[in-house]
Amino acid sequence: MRTKSWQPVARNGWIVKFSVYKDSFVLLTIVSQYTGQVIMRHFKDEDEACMFINLVVELDAEEQYDL
């Protein structure tokens, strides 16, 4: 029970899933609702994870990206 996870949230054509492991590692799973592109990243800092979420949800979800 070291993992906390929240329900996915849809923003601007992106579905964002946020999980925290051992209170210090953040796993982001982000999926485009249009292309099905999956972006997975892990962070040691929640603030950095949030900045990355903000960056992605501002992108056009109908395009493919190499992030």
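Residues numbered from 1 in each chain as written. Predicted model: local features only at pLDDT ≥ 70, side-chain atom pairs only at ≥ 80, totals over all residues. Heavy atoms only, no water.

**Student:** So what exactly am I meant to see when it comes to the packing of aromatic side chains here?
**Tutor:** What characterises a pair of aromatic rings is the spacing of the ring centres plus the angle enclosed by the ring planes. Enumeration over the complete set of coordinates arrives at three aromatic pairs. Between phenylalanine 43 and phenylalanine 52 the ring centres are 5.7 Å apart and the planes differ by 45°, which places this aromatic pair in the tilted class. Looking at phenylalanine 43, the relative accessible area reads 13%, which means it is buried. With a relative accessible area of 15%, phenylalanine 52 lands in the buried category. (Phe/Tyr/Trp six-rings, centres within 6.5 Å; stacked < 30°, edge-to-face > 60°. Buried < 20%, exposed > 50% of the residue type's maximum accessible area, 1.4 Å probe, protein only.)

**Student:** I would appreciate a short explanation of the side chain of serine 32 in the present structure.
**Tutor:** Turning to its location among the elements, serine 32 is positioned in strand β4 (residues 25–32). A distance of 2.5 Å separates the side chain of serine 32 from the backbone oxygen of alanine 61, its partner in a polar contact. Apart from residues no more than four positions distant in its own chain, serine 32 is found in contact with Gly13, Trp14, Gln37 and Ala61. (Helix = DSSP H or I, 4+ residues; strand = E, 2+ residues; numbered from the N terminus. Polar contact = N/O pair within 3.5 Å; in protein donor to acceptor, adjacent residues only side chain to side chain. Contact = heavy atoms within 4.5 Å.)

**Student:** I'm lost on the side chain of serine 19 in this one. Help?
**Tutor:** Structurally, serine 19 is set in strand β3 (residues 14–21). Look at serine 19 and you get buried, because its relative accessible area is 12%. In this structure the side chain of serine 19 is engaged in a polar contact, spanning 3.2 Å, whose partner is the side chain of serine 5. Leave out the neighbours within four places in its chain, and serine 19 touches Lys4, Ser5, Trp6, Phe25, Val26 and Leu27.

**Student:** Please clarify how helix α1 (residues 46–57) should be interpreted in this entry.
**Tutor:** Each full turn of the α-helix corresponds to 3.6 residues, which orients residues three or four apart in the same direction. The terminal C-alpha atoms of α1 lie 16 Å apart, and with twelve residues this matches the ideal 16 Å at 1.5 Å per residue to within 8%. Among all positions of α1, only Ala49, Phe52, Ile53, Val56 and Val57 are buried. The buried side chains of α1 occupy one side of the element, clustering within an arc of 125° when seen end-on. Among the exposed residues of α1, those pointing more than 90 degrees away from its buried face are Asp47 and Met51. Among the residues of α1, the N-terminal cap falls to aspartate 45, whose side-chain oxygen and the backbone nitrogen of aspartate 47 are separated by 2.7 Å. (Expected span 1.5 Å × (residues − 1). Arc of directions from axis to C-beta.)

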